[in-house]
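# Summary of the model geometry
Next come the chains, spelled out residue by residue.
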Amino acid sequence: MTPTGFAQEEKQRPEGWNRPPVIEPENDGDLLEVAMGPHHPSTHGVFRMDVALDGERVIRLKPVFGYLHRNHEKLAEGMSYLGSMPFTDRLDYICPLTNNWAYAIAVEKLTGQEVPERAQYLRVILAELTRVQNHASAIGFLIQEMGASGTPLMYAFKARENILDLFESLTGARMMVNYMRFGGCRVDATPAWLAATRKVVDELPQFVEEFENLLTGNEILMARTQGVGILPAELAINAGVTGPMLRAAGVNYDIRKVDKYGVYDRFKFRIPLGERSDVYDRFMIRFLEIKESLAILDQALKQIPGGPVMDSKAKLRGFRPKPGEAYGRIEAPKGELGFYLISDGGPNPYRYRIRPPSLINLTILEDMCLGQNVADVVLIFGSVDIVLGEVDR
Amino acid sequence: MEEIKAAIEAAVPGAGVEIQTNPSVSGQHSLRLAPSHAVEVAAFLRDDPELALDFLSNATGVDWPDKEIAEKVKVTRTVTKTVDGAETPVEETVEETKKRVEPGCLEAVYHLFSVAKGHGSVVIRMKTANRTDQVELPSLTPVWRSAEFQEREIFDLFGIVFKGHPDLRRLLMWDEFKDHPMRRDYVEPDDFEYEPTAHDEVMKRAQEHRAAIAAEARGDLASEAKLIEEGPGA
């Protein structure tokens, strides 16, 4: 990779409303080109932003990807449908269970597989627990990047650890869970597990309240985040931004409500929306979504029926879906996670594509950062909430 | 599907839209667009108040390599046979295996949804003429910004060249990489090329700098040795 493609791009930057604006430097002299990454502490992985600075203002920003690229899609084309399931854990390794679910939904659409009721409830419970721990750690990381080193992140990790313990006792692993199957879930939850989950869910509101009181009124946090990294709603929709980022821009679009996949139509929950679409809104949206997730968890734990967790007719191995294609998507904690599968009638998928919310939410990173101070780039980037395992796949 | 096709044809004359049915149980059928009118059709799909497909969720490529199809065909031909000592032409039906090659192509698939109306998905797809030299398709990035990185990824991994894309560079592989890894006939190279980094220039300058210092030090040593040899008084 050449250090920066700026000189070449300058000549051919086209006009159009959905392009990032061109910002004129105020000071004389050359722009300072900085490569933030691939080992910048704020990226939580290997990701580079080539930034051109005029003083402290960002004039241009180019994200550079591919440091963690392992071509998961190509690997999946060479193995059976079930063989890719453990690999999906490694996409967004903070939320492996929602990755499992998205893949299972896509294959279930392709084969017309039914899922038993109890498995649907278990999926909802696990997905909402995943959302809670993802949002809590996303908030922790964001504050960490602001300079509050350690304390808020460890608060979030304390709550996350309780949830990971639940995952471990159910699936056998904290993160690499490999839990869902086409037509259900791998193992049933015991009554003891459900009781433990109930206990964790009952304790979580206290954590959320404590965490919220600790952070939301903080003057430094407000000064650093309010009015920073504004993303207009129209651009957010056009750029395919999904998840808390989109809802912070005030757009009411949640796939749990739109598609009503699983059994989400049976729960009462609200969609929190932002007003100003800045970093503070994205931070607050995650708090509110945690609360809504807790409401769903409460209802799901009350309603969960008995019965099998696996469709007895479901074939796990060696099935050959009819030739055709299917696109299945869910509302993952980071945005819309979709799987697009093409079958040619063989035991392996002919084409296996992941729609990664982390990558597509970064499309407008440059737009949000232009004209801001370089210290705010770290914050804006943190408010997008990405995981590099999913960006580079 | 039929309604969308009719609406497109009314809005964009000569659009050349075909419906491609999906035999899978998912029943997600798609519209095949002619590349020549694709941008107009895409803009119509986005701006039409009824459809309002303002959200391009997923864009991806598919590789369809040349397919050799072996078919058994019954062929009737006249053969001369000796019947009762006299040669007479006799008609005979023989089964023959005929091979024909179905030319391959690269395909770009887009999944559209509507945030405003909450409906979807509408799948649109375009095909290139072949897999080697005519791999150009119009870019839909001017219509939906979310195609920006995804079309870069398709260009990177499949080798479809998107005309009108504002910044068509490789996304995941490095710029100097030559092949397209997601193609079905991709063969991994024996040794991956050395990947240049942003620090090469700096490292080169540092090396030169170190060499210069070393040379200077050697020069000092030499003059010192000379001094000792010749003595201070010389």
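Here the residue index of a chain counts from 1 through its sequence in written order. Each chain takes a letter, starting from A, and each ligand takes a number, starting from 1, following the order in which they are written. With pLDDT at 70 or above as the cut-off, local features in this predicted model cover only qualifying residues; side-chain atom pairs require 80 or more to be listed or tallied, and sums for whole chains, interfaces and linings still use all residues.

With that out of the way, let us pick up the overall build of chain B. Broken down by element type, chain B carries four helices and nine strands. Counting from the amino terminus, helix and strand elements in chain B follow one another as α-β-β-α-β-β-β-β-β-β-α-β-α. Relative to the globule expectation of 17 Å for 234 residues, the C-alpha radius of gyration of chain B, 32 Å, shows a markedly less compact shape. Taken over the C-alpha atoms alone, chain B extends approximately 125 × 75 × 30 Å along its principal axes. Put simply, DSSP H or I for four residues or longer makes a helix, DSSP E for two residues or longer makes a strand, and each gets a number counted from the N terminus. Radius of gyration: over C-alpha atoms. The globule rule applied is 2.2 Å multiplied by the number of residues raised to the 0.38 power.

All names here are of chain A. A helix is expected to reach a length of 1.5 Å times the quantity of its residues less one. Taking 1.5 Å per residue as the helical rise, helix H5 (residues 117-146) with its 30 residues ought to reach 44 Å, and the 44 Å between its terminal C-alpha atoms agrees with that figure. Judged by how many residues are buried, H5 sits mostly within the fold: 27 of 30 residues are covered. Immediately downstream of H5, the backbone of glycine 147 shows phi near 115°, a positive value. Residues with at least 20 neighbouring C-beta atoms inside 10 Å of their own are called buried, those with 12 or fewer are called exposed, and the rest are partly exposed, where every C-beta is derived from the backbone.

Taken domain by domain, chain B consists of domain 1 (2-64 + 106-163), domain 2 (68-101) and domain 3 (198-234). Throughout the structure description, domain borders are defined by an automatic or database domain assignment. Computed over C-alpha atoms, the centres of domain 1 of chain B and domain 2 of chain B are 47 Å apart.

For the rest of this paragraph, the subject is the sheet that holds strand E7 (residues 335-343) of chain A. Residue and element names in this part refer to chain A. Two strands form a pair only when DSSP identifies at least two bridges running between them. Taken in spatial order, the three strands of this open sheet run E6-E7-E8, and their pairing is antiparallel. Every other strand in the sheet has two partners, leaving strand E6 (324-332) and strand E8 (351-355) as the edge strands with one partner each. Taking the axes of each pair of neighbouring strands and ignoring which way they run, one obtains an average angle of 10° across the sheet. Note that E7 and E8 share five bridges and pair antiparallel. Paired with phenylalanine 339 across the bridge in E8 is isoleucine 354. We call two residues in contact if the C-beta atoms placed from their backbones are at most 7 Å apart. Note on geometry: axes are C-alpha line fits, over the in-contact stretch for helices, and angles between N-to-C directions span 0 to 180 degrees. In the packing of helix H4 (residues 96-111) onto the sheet, the strands contacted are E6 and E7, and the crossing angle to E6 comes to about 150°.

By convention, interface size is frequently given as the accessible area that disappears when the constituent parts associate. Taken together, the contacts link 36 residues of chain B with 46 residues of chain A. Those elements that place two or more of their residues in the side of chain B that touches chain A are strand E3 (55-64) and helix H3 (147-157) of chain B. For the side of chain B that touches chain A, the leading source of residues is E3 of chain B, giving six residues.

A separate point is the sheet that holds strand E1 (residues 32-36) of chain A. Residue and element names in this part refer to chain A. With antiparallel pairing, three strands are arranged side by side in an open sheet as E1-E2-E3. Of all the strands in the sheet, the pair left with one neighbour each is E1 and strand E3 (57-64). Pairwise comparison of adjacent strand axes, ignoring direction, gives a mean angle of 20° for this sheet. Two strands pair when backbone bridges link them, and strand E2 (residues 48-54) and E3 are joined in this way by seven bridges, in the antiparallel orientation. Looking across to E3, one finds that aspartate 54 is bridged to arginine 57. Running over the sheet, helix H15 (residues 374-384) touches E2 and E3 and is turned about 150° from E2.

All names here are of chain A. By the bridge criterion, five bridges tie E1 to E2 in an arrangement that is antiparallel. Across the sheet, residue valine 34 finds its bridge partner in E2, namely valine 51. What sits between the antiparallel neighbours E2 and E3 is a turn of two residues, in which glycine 55 has the positive phi angle 65°.

In this section: the pairing of strand E7 (residues 120-127) of chain B. Two faces belong to every sheet, and in a regular strand the side chains alternate between them. Residues and elements named next belong to chain B. The pairing of strand E2 (residues 30-32) with E7 spans three bridges and is classified as parallel. Directly across from leucine 31, in E7, lies its bridge partner isoleucine 124. As paired elements, strand E6 (residues 105-113) and E7 share seven bridges and run antiparallel to each other. Residue pairing across strands places alanine 108 opposite methionine 126, the latter belonging to E7. Count of turn residues in the E6/E7 antiparallel hairpin: six residues, of which glycine 118 carries a positive phi of about 75°.

As a further point, take the nonpolar core. Residue and element names in this part refer to chain A. For this analysis, nonpolar core means a set of buried Ala, Val, Leu, Ile, Met, Phe, Trp, Tyr and Cys residues linked through C-beta atoms within 7 Å. In this structure, Ala102, Ala106, Ala236 and Leu341 are the most contacted members of the largest nonpolar core, which totals 151 residues. With 15 residues, the single largest contributor to this core is H5. The contacts of alanine 236, once residues within four sequence positions are left out, are Leu231, Val241, Met245, Leu246, Ala249 and Val251.

The subject of this paragraph is the confidence of the model for chain A. A residue's pLDDT is the predictor's confidence in that residue, given on a scale from 0 to 100. In this model, chain A carries a mean pLDDT of 86, and residues with pLDDT of at least 70 account for 95%. For the stretch residues 1-14 of chain A, pLDDT sits under 50, and the model shows 19 contacts to residues farther than four places along the chain or on other chains.

For asparagine 71 of chain A, which is not glycine, the phi torsion reads 50° and is therefore positive. With respect to the element layout, asparagine 71 of chain A can be found in the loop between E3 and helix H2 (72-77). Of note, alanine 52 of chain B is a non-glycine position whose phi angle comes to about 50°, a positive value. By the element assignment, alanine 52 of chain B lies in the loop between helix H2 (38-47) and E3. Residue classification places alanine 52 of chain B among the partly exposed residues on the basis of 17 C-beta atoms within 10 Å.

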